[in-house]
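One-letter residues, chain by chain:
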Amino acid sequence: MGEPSTVDRIRAQAAAALGRAGIDDAEVDADLLIGHVLGQSRGQVQAAAIMRSPLTAADAAAITALVERREKREPLQHITGRAPFRSLELNVGPGVFVPRPETEGVAQIAIDALRSMADPEPIGVDLGTGSGAIALAMATEVPHARVFACENSPDAFPWTSRNFAEIGADNATLVFADLAEAFPELDGTVSVVVSNPPYIPADAIPRDIEVRLFDPAHALYGGADGLDVVRLVSQTGLRLLRTGGVLAIEHGELQGAEIRALLETDGWRATATHRDLTTRDRTTTALRP
């Protein structure tokens, strides 16, 4: 008979297996997968490992099965079904883009812009909301704002709808619509428009295996130069925003100058590109003239 399973033993085995598979934060992922099965936080898993707490055979088998999925580079968030974003926990899975930490900074820019508005009920719009991450962050962190979001992917929208229903922000409205035609009733009244559009050029290959194999192409690729949807966001932003309203667009680290030029050609003013916490250009903002 083999030795009984304990948290410390399976944690070490899982971290080693994930490290061999090329997972950068193998120990973190091991903790989170074990915690998902046991219903524990990462800290609780670490404490259980120190205590060499025993595992049932069923829990050990369940953990091993999840580790094997992660070894194949299935996103951790697809395995657990959850993705943290700022103060939120979002439902995610196949068909919807998994929100990334860098997008939390994009949301911060939109939130700060909403908070700076003198309007008693400033309006924010998230174009192509995906999981609903930015829109729901705006709605929950700026409760006096009214937030509207659209998504046009039939695969993503069920996840978006589930997140809006679960978080239950009564100042947030979700519609199934293409961002180019969304919210005509709001034309000229919006304070902040934000978007994390697909911006990878069609012939580029994403560096991350998880992105390449599991994120929906609809949320990744933006035409030959990657900016087809950015151009639509610019035009929709001009339609929706009132004078002095703020546009914020997430993009790739090498696209800031091109997007600023695009926006300036369209008539936007005060264009500026902002870095994320890794010092990469990540967001370009502009003001509606």
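One can find the structure itself at the top, above this paragraph.
Residues numbered from 1 in each chain as written. Predicted model: local features only at pLDDT ≥ 70, side-chain atom pairs only at ≥ 80, totals over all residues. Heavy atoms only, no water.

Regarding the sheet that holds strand β8 (residues 269-275)
The seven strands lie next to each other as β5-β4-β3-β6-β7-β9-β8, forming an open sheet whose pairing is mixed. Looking at which strands have only one partner, the edges of the open sheet turn out to be β5 (172-176) and β8. Between one strand and the next, the sheet's axes are offset by a mean angle of 15°, whatever the strand orientation. Looking at chain direction, β8 and strand β9 (residues 281-287) are connected through five bridges and run antiparallel. Paired with H274 across the two strands is T283, which belongs to β9. In the packing of helix α8 (residues 157-167) onto the sheet, contacts are made with β4 (146-151) and β5, and the angle to β5 comes to roughly 165°. (Pairing = 2+ DSSP bridges. Helix = DSSP H or I, 4+ residues; strand = E, 2+ residues; numbered from the N terminus. Axes fitted to C-alpha atoms, helices over the stretch in contact; angles between N-to-C directions. Contact = heavy atoms within 4.5 Å.)

Some words on the layout of surface pockets
If you roll a probe as big as a water molecule over the atoms, it shows you where there is empty space left. For the second largest pocket, the calculated volume is near 180 Å³. Lining the second largest pocket are 13 residues, with P101, E102, G105, D276 and L277 sitting closest to its centre. Residue assignment for the lining of the second largest pocket shows that the elements contributing at least two residues are α6 (101-116), β8 and β9. If one sorts the elements of the lining of the second largest pocket by residue count, α6 sits on top with six residues. A breakdown of the residues in the lining of the second largest pocket according to their chemical character gives four nonpolar, four polar and five charged. (1 Å grid on protein atoms, 1.4 Å probe; cavity = no way out; pocket = protein on both sides within 12 Å on 5 of 7 lines; lining within 4 Å. Points joined across faces, edges and corners; volume = space filled by probe spheres on them. Nonpolar A, V, L, I, M, F, W, Y, C, P; charged D, E, K, R; others polar.)

So, the pairing of β5
Sheet topology note: the β4/β5 ladder contains five bridges and is parallel. Bridge pairing links E151 to F176 in β5. Handedness of the crossover is the feature at issue here: the chain leaves β4, passes through α8, returns alongside β5, and the resulting connection is right-handed. (Right-handed = clockwise from strand over helix to strand, strands pointing away.)

Quick notes on the nonpolar core
One finds F85, I134, M138, V192 and V194 to be the most contacted residues of the largest nonpolar core, which totals 28 residues. Listed by contribution, the elements that provide at least two residues to this core are β2 (88-91), α6, α7 (133-141), β4, β6 (190-195) and β7 (241-250). Broken down by element, the residue count for this core peaks at seven residues, all from α7. Dropping the residues within four chain positions of it, M138 is found in contact with A110, I111, L114, G124, V125, D126, V147 and V194. Residues F148, L179, L238 and L241 belong to the second largest nonpolar core, which totals 25 residues. (Core = buried A, V, L, I, M, F, W, Y, C linked by side-chain atoms within 4.5 Å. Buried < 20%, exposed > 50% of the residue type's maximum accessible area, 1.4 Å probe, protein only.)

Comments concerning the packing of aromatic side chains
For any pair of aromatic rings, the description rests on two quantities: the centre-to-centre distance and the angle between the ring planes. Tallying each qualifying case throughout the model produces two aromatic pairs. With 5.7 Å between their ring centres and 65° between their planes, F148 and F183 make a pair best called edge-to-face. With F148 in strand β4 and F183 in the loop between β5 and β6, this pair connects stretches of sequence that are 35 residues apart. Pairing F157 with F176 gives two aromatic rings, centres 5.2 Å apart and planes at 85°, and the pair type is edge-to-face. With F157 in helix α8 and F176 in strand β5, the pair connects residues that are 19 residues apart, well separated along the chain. The residue whose ring lies beneath R100 is F97, and the NZ or CZ to ring-centre distance is 4.6 Å. (Phe/Tyr/Trp six-rings, centres within 6.5 Å; stacked < 30°, edge-to-face > 60°. Lys NZ or Arg CZ within 6 Å of the ring centre and 35° of its normal.)

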